[in-house]
Structures are given as structure tokens and as C-alpha cells.
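# Per-entry structural report
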Amino acid sequence: MENKKYSIKQGYVVREIAGEFIAVPVDSSCGTNIIILNPVSKRLWEELREEKTLEELLDAILKNYDVSKEEAEDIKKQLKVKKVKMDVVKINMVQEQKI
């Protein structure tokens, strides 16, 4: 079981411009990269406004899109690589609680 939760770093706003959704950094600590969001990445961006595990993101993909579990797993892997590489995702380690 994964013990990481992901969320979008603070300092970005999403704007719709000419029918495209664009994530724009508004904080200098976020750099200057503007990110164009396709419909799936926009949905995931919205999901990541709150901390989520990759499994929770997978569930959101399966719930909202007509994709197989394998396709959703592939999207999840791409998200993990691309968003972390672009430095827009904050990763928090979650301590497992013993009951």
C-alpha cells in the first residue's frame, strides 16, 4: 500500500482562455511554466486540490471516464512521472496509524 498523498502545489491558478484550460503560476516560487490542461489533466488537477493517493486518483479516473482499469493505471503512471517532473505536485508521506 502506498503511503504518499499528492496535491497541487499552491501558487497556481487555472484559467480558461479561448476554450483552453491553462494553469498559470502566480507565485514566483512556482517558476514561469504555463501548463495547458487537456480534459483529463484538468479533472485530475481538480481532484488534486485536496491530498489524494494515486489509488484515489485511479478511482476518480475510473468513475469519470470510460476507460479500462489498465488504461487508468497507465494514466496514473504518466501522472506520477509528468506532474512530479514539472514540479507542480506536492508529495506528503502519510504515517500509518495503528489501531
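Computed from a predicted model, the values in this text were never measured in an experiment.

The rules behind the values
Residues numbered from 1 in each chain as written. Predicted model: local features only at pLDDT ≥ 70, side-chain atom pairs only at ≥ 80, totals over all residues. Heavy atoms only, no water. Helix = DSSP H or I, 4+ residues; strand = E, 2+ residues; numbered from the N terminus. Buried < 20%, exposed > 50% of the residue type's maximum accessible area, 1.4 Å probe, protein only. pLDDT = per-residue confidence, 0-100. Pairing = 2+ DSSP bridges. Axes fitted to C-alpha atoms, helices over the stretch in contact; angles between N-to-C directions. Core = buried A, V, L, I, M, F, W, Y, C linked by side-chain atoms within 4.5 Å. Salt bridge = Lys/Arg side-chain N within 4 Å of Asp/Glu carboxyl O. Polar contact = N/O pair within 3.5 Å; in protein donor to acceptor, adjacent residues only side chain to side chain. Contact = heavy atoms within 4.5 Å.

## Description of unusual backbone geometry
At Ala 18, a position not held by glycine, the phi torsion is positive, near 55°. Within the fold, Ala 18 resides in the loop between strand E2 (12-17) and strand E3 (20-25). By relative accessible area, Ala 18 is classed as exposed at 80%.

## What about the confidence of the model for the chain?
Here the chain averages 78 in pLDDT, while 76% of its residues score no lower than 70. For the chain, per-element mean pLDDT is lowest for strand E5 (residues 89-93), which scores 63, and highest for E2, which scores 90.

## Thoughts on the sheet that holds E3
The 3 strands are arranged E2-E3-E4 in an open sheet whose pairing can be described as antiparallel. In the strand order of this sheet, the two ends are held by E2 and strand E4 (35-37), each with one partner. Pairwise comparison of adjacent strand axes, ignoring direction, gives a mean angle of 30° for this sheet. Pairing of E2 with E3 involves 6 bridges; the strand directions are antiparallel. Residue pairing across strands places Tyr 12 opposite Pro 25, the latter belonging to E3.

## Observations regarding the nonpolar core
Soluble globular proteins tend to bury their nonpolar side chains together. Ranked by size, the top nonpolar core spans 15 residues in total, and within it Tyr 12, Ala 23, Ile 35, Leu 37, Trp 45, Leu 48 and Leu 57 carry the most contacts. Broken down by element, this core gets its largest block of residues, 4 residues, from helix H2 (residues 54-64).

## Examining the pattern of salt bridges
In this structure the tally under the stated criterion is 3 salt bridges. Between Glu 46 and Lys 42 there is a salt bridge; the shortest N-O distance is 2.3 Å. Residue Glu 46 and its partner Lys 42 are located together in helix H1 (residues 39-47), separated by 4 residues, close to a single helical turn. Several salt bridges share partner residues, and in doing so they unite Arg 43, Glu 47 and Lys 52 into one network.

## Observations regarding the side chain of Glu 47
Assignment of secondary structure puts Glu 47 in helix H1. For Glu 47, a relative accessible area of 14% gives the class buried. Polar contacts involving the side chain of Glu 47 include one to the side chain of Lys 52, which spans 3.4 Å. Apart from the residues within four sequence positions on either side, Glu 47 is in contact with Lys 52, Leu 57, Ala 60 and Asn 64.

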